[in-house]
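These are the residues of each chain, in order.
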Amino acid sequence: MSSIADNIGSVTRRIQKATLQAGRKPDSVQLLAVSKTRSADELREAVLAGQRAFGENYLQEALDKIEALNDILDIEWHFIGPIQSNKTRQIANSFAWVHSVDRLKIARRLSEQRDPSLPPLNICLQVNVNEEESKSGCRLDELPQLIADISELPGIRLRGLMTIPDPSQSETDLRNSFHILATTLASLKAGHPDAGPLDTLSMGMSGDLELAIAEGATWVRVGTALFGARPVKS
Ligand SMILES: *Cc1c(COP(=O)(O)O)cnc(C)c1O
């Protein structure tokens, strides 16, 4: 079995190769290590291998790891899971980024509850590009209004868009989903120049990061390819 350090090396090489092939700058894509279900010790191993940004889906599990690793000062924590409105206070104050904001109510609460002594919380809006019934994420046509409303909120910094496309799609359809997210970000940026940096596309996972990078991903969220297959949740 390969070590987490080896896996970080090979994922980093995949990212570099895809970035080069897309004619993009080498430092334009960042690796978010998705560490749901992984132990604090496994994260520590990843930190020793140079990884600093970790993505978590479940709040209590994340808080336990944040506490267990609080001796490492430069970890950057990202929340990437579904958000219940009664959990926003802890999410607002324990993370540097939230990738999974999909409605105004959540954005408002995160902004209000973010400690004003902290820098504004970086957020991405999660978009359900394929309009799957079961998935969270807003629709593409809801974005202009959401962005106009969110740009007024002082506690958050609107960085861009995130998507989790239906993994059963063909490669062509997956790539098309990433392409739609990228063109949507570009047009929102043009239409809302003061809404925030809008410099981020959070898309691509273990199986499809090359396709996402070809379409402009700036964060790829990778779990399995770094830590191995996850135990099945019962
Ligand atoms: C689990 C998860 C990932 C990582 O998926 P892998 O296929 O294991 O790389 C990425 N993004 C989100 C939102 C996830 O929940």
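Residues numbered from 1 in each chain as written. Predicted model: local features only at pLDDT ≥ 70, side-chain atom pairs only at ≥ 80, totals over all residues. Heavy atoms only, no water.

Within an unreviewed UniProt entry, the label attached to the protein reads Pyridoxal phosphate homeostasis protein, and the organism entered is Marinobacter nitratireducens. Taken verbatim from the UniProt record of the protein, the Cofactor (unreviewed entry) comment is "pyridoxal 5'-phosphate". (UniProt positions renumbered as here; feature names shortened; annotations may be inferred.)

### What to know about the UniProt feature "domain: Alanine racemase N-terminal" (unreviewed entry) in the protein
In the UniProt entry, the feature "domain: Alanine racemase N-terminal" (unreviewed entry) is given for residues 26–231. Spanning residues 26–231, this segment combines 36% helix with 18% strand, and its end C-alpha atoms are found 33 Å apart. (Helix = DSSP H or I, 4+ residues; strand = E, 2+ residues; numbered from the N terminus.)

### Description of unusual backbone geometry
Of note in this structure, Thr37 is not a glycine but carries a positive phi near 70°. Structurally, Thr37 can be placed in the loop between strand 1 (30–34) and helix 2 (40–48).

### Topic: the UniProt feature "modified residue: N6-(pyridoxal phosphate)lysine" (unreviewed entry) in the protein
UniProt feature "modified residue: N6-(pyridoxal phosphate)lysine" (unreviewed entry): in the numbering of this structure it lies at Lys36. Mapping Lys36 onto the fold places it in the loop between strand 1 and helix 2. The buried category is assigned to Lys36, whose relative accessible area is 16%. Not counting the four nearest positions on each side in its chain, Lys36 is found in contact with Gly55, Glu56, Asn57, Tyr58, Glu61, Lys65 and Arg230. (Buried < 20%, exposed > 50% of the residue type's maximum accessible area, 1.4 Å probe, protein only. Contact = heavy atoms within 4.5 Å.)

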